[in-house]
Amino acid sequence: DIQMTQSPPSLSASLGDKVTITCQATQNIHNYIAWYQQKPGKSPRLLIRYTSTLESGTPSRFSGSGSGRDYSFSISNVESEDIATYYCQQYVSLWTFGGGTKLELK
Amino acid sequence: EVQLVESGGGLVQPGRSLKLSCTASGFTFSDYYMAWVRQAPKKGLEWVATIITSGSRTYYPDSVKGRFTISRDDARNSLYLQINSLESEDTATYYCARHSTIAAISPFAYWGHGTLVTVSS
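About the criteria used
- Residues numbered from 1 in each chain as written.
- Chains lettered and ligands numbered in written order.
- Predicted model: local features only at pLDDT ≥ 70, side-chain atom pairs only at ≥ 80, totals over all residues.
- Heavy atoms only, no water.
- Pairing = 2+ DSSP bridges.
- Helix = DSSP H or I, 4+ residues; strand = E, 2+ residues; numbered from the N terminus.
- Axes fitted to C-alpha atoms, helices over the stretch in contact; angles between N-to-C directions.
- Buried < 20%, exposed > 50% of the residue type's maximum accessible area, 1.4 Å probe, protein only.
- Contact = heavy atoms within 4.5 Å.
- Buried area = accessible area lost by both parts, 1.4 Å probe.
- Salt bridge = Lys/Arg side-chain N within 4 Å of Asp/Glu carboxyl O.
- Polar contact = N/O pair within 3.5 Å; in protein donor to acceptor, adjacent residues only side chain to side chain.

A. Representation of the sheet that holds strand S7 (residues 62-67) of chain A within the structure. Residue and element names in this part refer to chain A. An order of S1-S3-S8-S7 is seen for the four strands of this open sheet, with the pairing classed as antiparallel. The sheet is open, and its two edges are formed by strand S1 (4-7) and S7, each paired on a single side. Each strand axis lies, on average, 15° off the axis of its neighbour in the sheet, ignoring direction. With four bridges connecting them, S1 and strand S3 (residues 19-25) associate as antiparallel partners. Among the inter-strand pairings, serine 7 is bridged to a residue of S3, identified as threonine 22.

B. A look at the pairing of strand S5 (residues 45-49) of chain A. All names here are of chain A. Among the five residues of S5, four are classified as buried, and the element is accordingly described as predominantly covered. Taken together, the three bridges between strand S4 (residues 33-38) and S5 define a ladder with antiparallel strand orientation. Across the sheet, the residue bridging to glutamine 37 is arginine 45, located in S5. Counting the residues between successive antiparallel strands, the hairpin from S4 to S5 contains six residues, one of them, glycine 41, with a positive phi of roughly 75°. Taken together, S5 and the strand that follows it, strand S6 (residues 53-54), pair antiparallel across an intervening segment of three residues, in which tyrosine 50 is found at a positive phi of about 45°.

C. Spatial organisation of the interface of chain A and chain B. The partner chain B presents 24 residues to the 17 residues of chain A that form the contact. For the chain A and chain B pair, buried surface summed over both sides reaches about 1,600 Å², with 66% attributable to carbon and sulfur atoms. When residues of chain A are sorted by the area they lose upon contact with chain B, A:Pro44, A:Trp95 and A:Phe97 head the list and together hold 37% of the total. Connecting chain A to chain B are zero salt bridges. On inspection of chain A and its partner chain B, the count reaches seven residue pairs in polar contact (both at pLDDT 80 or more).

Written out as structure tokens, the structure is:
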């Protein structure tokens, strides 16, 4: 089974900062990675699929990149509404989530 | 508008069984793979089951294989999750999710609000 190691577990940022989250898979996942946002008490929301394809409604300040085993997710110009927990997910072989990254305001 | 509404959660004793339901609307249910994802209190997301269109094939992680059974009734636009031999570690919010495309290799684009299962004596 493919495991996803996501880091950091938590992140503190100021409004307007750029933040980056990384995920490493235990094997090549061929760009089949998605990123989700979950706000407290809410269901997850799909933001990005296939490494860098933004879902409809995802603001352009969100972006994704990577290849092989290593991927990253960034938010440029962090806004207050971005405070949430973010998860990566591989979907090339079954479906596995990373451990999550909690983004907080500094 | 895609809607997924889960039901069937509650307080259940260890060792008992429970069947969760999810009613879908706003899309052609029979066209999509469907999944269940759970989240233990203050923990991360864990995929626990997927069923393909027609229901002829199901997938589970090793952590729940043998105790969880996913099924679907396309005539009722409904998805189910049977959980047997419940353990305290099964305490979680269980989300129903729809895969994003008709293709097999796809993430989860739509989620219900979840139903809470608490396993305790």
